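# Analysis of the macromolecular model
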Amino acid sequence: MNRDATVTAPTAAEVAKDGDAEADKQADKPAVSRKRAKSYSEDKRFKIFSGSSNRPLAEEVCKFVGMPLGEVRLQRFSDGEVYFQLLENVRGADVFVIQPTCYPVDQHLLELLIMIDALKRASAGRITVVIPYYGYARQDRKDRPRVAISSKLVADLLTTAGANRALLVDLHAAQIQGFFNIPVDHLFASPVLVSHFRELNLPDLTVVSPDAGGVERARFFAKKMEAPLAIVDKRRTDLNVSEVMHVIGDVEGRTCLILDDIVDTAGTLVKTVDALMEAGAKKVYACATHAVLSGPAMERIESSRLEQLVVTNTIPVREEASASSKIKVLSIAGLIGRAIESIHMETSVSSLFT
């Protein structure tokens, strides 16, 4: 490099040595017929790398799988341009790149595209992008004249950059999978959330969908919890602004659990809590996969009548949120780790949810 650079990720050690001859022979075989190494750390044709958006999650996934996180050099020039270099041999390897496209969304998305390009040019055998939080997922249709379908554009960018497969977690709309022209595995955080709330054993539980679009997700969750379902009808008046109308279902005297995929500004959440309390609910809990928590979210949550908000670590949780007694963070590293193992060994991913 002939320009000064500002390091934003630790500089790794020297480039790792090439794999041995046996590993090269195994790489030429389909995954189902490969001889499995004693541990994944010995499999020189299985690599996991991470960008800068959620490195702690990537490290936790690698710990679960039992292998080291791949070594890279990730820097930024003084003008903000990304510089990325792989410090390991990936020729013929089955590579997974963990990078949620969370805030700042555009920066992390471009970083992911550059990582994919570097892997493609280094002759990686297969590149799977692991995106725990898919940015632009809410722009999935033309709901107004002359607007972009940004989630489709992002899918095209990932494919054009060189991704061969995508592993996504709790998409805002399941049909986004159809925007990709490559195989997509769609994970759900529900096993982690269901396990947590079963341990809490909340009395007289009713699962609540905060809008009509989330009914299918809430119905599945309610079935797992063996609880009735209620729906809150809302009318959105502007971007990030919604007006709750009324509750459909009986919640009087019951403990309500609001289920959503994303908590952003928390406007919908706190208005849903208010609507449920006014309808006679005894207590209100909430859970969501992606804790975006932007703008006034924390102030709204702290001042609301919500008992607790349970989220996962698909996105790094803000320090303010981590310190809050009203927010609990669960890890989905095990879920992602098992899915990565299944994809690498070419076994069923759907079996993780049965």
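The structure reproduced in this document is the subject of the present report. All figures in this text were calculated on a predicted structure; none of them were measured in a lab.

As a further point, take the overall build of the protein. On a plain count of helices and strands, the protein comes out with ten helices and 15 strands. Of the contacts made within the protein by residues no fewer than 6 positions apart, 66% connect residues no fewer than 24 positions apart. A total of about 17000 Å² of accessible surface is found on the protein, and carbon and sulfur atoms cover 49% of it.

Relative to the elements of secondary structure, V273 occurs in helix 7 (residues 267-278). A relative accessible area of 0% means that V273 is categorised as buried. When the C-alpha atoms of V273 and P210 are compared, they prove to be 9.3 Å apart, with 63 residues separating the residues in sequence. With near-sequence residues (within four places) excluded, V273 lies in contact with I258, V284, R305 and L306.

Right, let's get into the nonpolar core. Counting 44 residues, the largest nonpolar core has I48, L187, F197, F221, I336 and I340 as the members making the most contacts within it. Ranked by residue count, the leading element in this core is helix 10 (residues 333-345), at six residues. Setting aside residues no more than four positions away along its own chain, L187 makes contact with L167, L168, V169, D170, L335, I336, A339, V349 and F353.

Running from N to C, helix 3 (residues 105-121) and helix 4 (residues 150-161) point in directions that differ by 25°, and their axes come no closer than 8 Å. Classed by the angle they form, the pair helix 3 and helix 4 counts as roughly parallel. Here L109, L112, L113, I116, D117 and K120 of helix 3 come into contact with helix 4, specifically with V154, L157, L158, T160 and A161. Looking at the contact of helix 3 with helix 4 residue by residue, the class counts come to eight nonpolar, one polar and two charged.

Structurally, H290 is set in strand 13 (residues 283-291). H290 sits in the buried class, given a relative accessible area of 1%. Among the polar contacts listed, one links the side chain of H290 to the side chain of T314, at a separation of 2.9 Å. Ignoring any residue separated from it by four or fewer positions in sequence, one finds H290 in contact with P132, Y133, V169, D170, D261, I262, V263, T314 and I315.

The next subject is empty space enclosed by the protein. Summed over the entire model, instances satisfying the criterion amount to one cavity of 30 Å³ or more. Y133, Y134, A137, V169, D170, L171, H172, D261, I262 and H290 together form the lining of the largest cavity. Within the lining of the largest cavity, the residues separate by chemical class into six nonpolar, two polar and two charged.

Taken across its six residues, strand 3 (residues 72-77) has five buried, putting it largely inside the fold. Relative to strand 4 (residues 82-86), strand 3 runs antiparallel, the two sharing five bridges. Looking at strand 4, one finds that R73 is bridged to Q85.

Our next topic: the side chain of R126. Position of R126 relative to the elements: it lies in strand 6 (residues 126-131). A distance of 3.1 Å separates a polar side-chain atom of R126 from the backbone oxygen of I343. With residues near it in sequence (within four places) discarded, R126 still touches A93, D94, V95, N164, R165, I343, H344 and E346.

Quick look at the pattern of salt bridges now. Pairing of side chains with opposite charge becomes possible as their charged atoms draw close. Scanning the model with the defined rule gives 13 salt bridges in all. Note that D117 and K120 form a salt bridge whose closest N and O atoms lie 3.9 Å from each other. Remark: K120 and D117 occur in helix 3; sequence separation between them is three residues, near one turn of the helix. With relative accessibility at 37%, the residue K120 sits in the partly exposed group.

Here the focus is the packing of aromatic side chains. For any pair of aromatic rings, the description rests on two quantities: the centre-to-centre distance and the angle between the ring planes. Taken as a whole, this structure holds three aromatic pairs when the rule is applied. Ring geometry for F77 against Y83: centres 6.3 Å apart, planes inclined by 70°, an arrangement best described as edge-to-face. The exposure class of F77 is buried, given its relative accessible area of 10%.

As summarised here, the arrangement of the five strands in space is 2-5-6-7-8, forming an open sheet in which the pairing is parallel. Of all the strands in the sheet, just strand 2 (46-50) and strand 8 (184-187) have a single pairing partner and so form its edges. Across this sheet, the average inter-strand angle for adjacent strands is 15°, counted without regard to direction. Pairing between strand 2 and strand 5 (residues 94-98): five bridges, direction parallel. If you follow K47 over to strand 5, its bridge partner there is V95. Each of strand 2, strand 5 and strand 6 touches helix 3; the most contacted strand, strand 6, lies at about 165° to it.

In this structure, A281 sits in the loop between helix 7 and strand 13. Residue classification places A281 among the buried positions, given a relative accessible area of 7%. Distance in space between the C-alpha atoms of A281 and C256 is 6.7 Å, their sequence separation being 25 residues.

Glancing now at the packing of helix 5 (residues 190-200) against helix 6 (residues 215-225). Axis separation between helix 5 and helix 6 bottoms out at 10 Å; the angle between their running directions is 40°. The angle between helix 5 and helix 6 falls in the class oblique. Both helix 5 and helix 6 take part in a crossing whose hand is right-handed. Packed against helix 5, whose contacting residues are S190, L193, V194, F197 and R198, the element helix 6 presents F220, F221, K224 and M225 at the interface. Class assignment for the residues of the contact of helix 5 with helix 6 results in six nonpolar, one polar and two charged.

Scoring rules and cut-offs
- Residues numbered from 1 in each chain as written.
- Predicted model: local features only at pLDDT ≥ 70, side-chain atom pairs only at ≥ 80, totals over all residues.
- Heavy atoms only, no water.
- Helix = DSSP H or I, 4+ residues; strand = E, 2+ residues; numbered from the N terminus.
- Contact = heavy atoms within 4.5 Å.
- Areas by Shrake-Rupley, 256 points an atom, 1.4 Å probe, with all protein chains shown as cover.
- Buried < 20%, exposed > 50% of the residue type's maximum accessible area, 1.4 Å probe, protein only.
- Core = buried A, V, L, I, M, F, W, Y, C linked by side-chain atoms within 4.5 Å.
- Axes fitted to C-alpha atoms, helices over the stretch in contact; angles between N-to-C directions.
- Parallel < 35°, antiparallel > 145°, perpendicular 65-115°, else oblique.
- Nonpolar A, V, L, I, M, F, W, Y, C, P; charged D, E, K, R; others polar.
- Polar contact = N/O pair within 3.5 Å; in protein donor to acceptor, adjacent residues only side chain to side chain.
- 1 Å grid on protein atoms, 1.4 Å probe; cavity = no way out; pocket = protein on both sides within 12 Å on 5 of 7 lines; lining within 4 Å.
- Points joined across faces, edges and corners; volume = space filled by probe spheres on them.
- Pairing = 2+ DSSP bridges.
- Salt bridge = Lys/Arg side-chain N within 4 Å of Asp/Glu carboxyl O.
- Phe/Tyr/Trp six-rings, centres within 6.5 Å; stacked < 30°, edge-to-face > 60°.
- Left-handed = near helix turned anticlockwise from the far one by under 90°.

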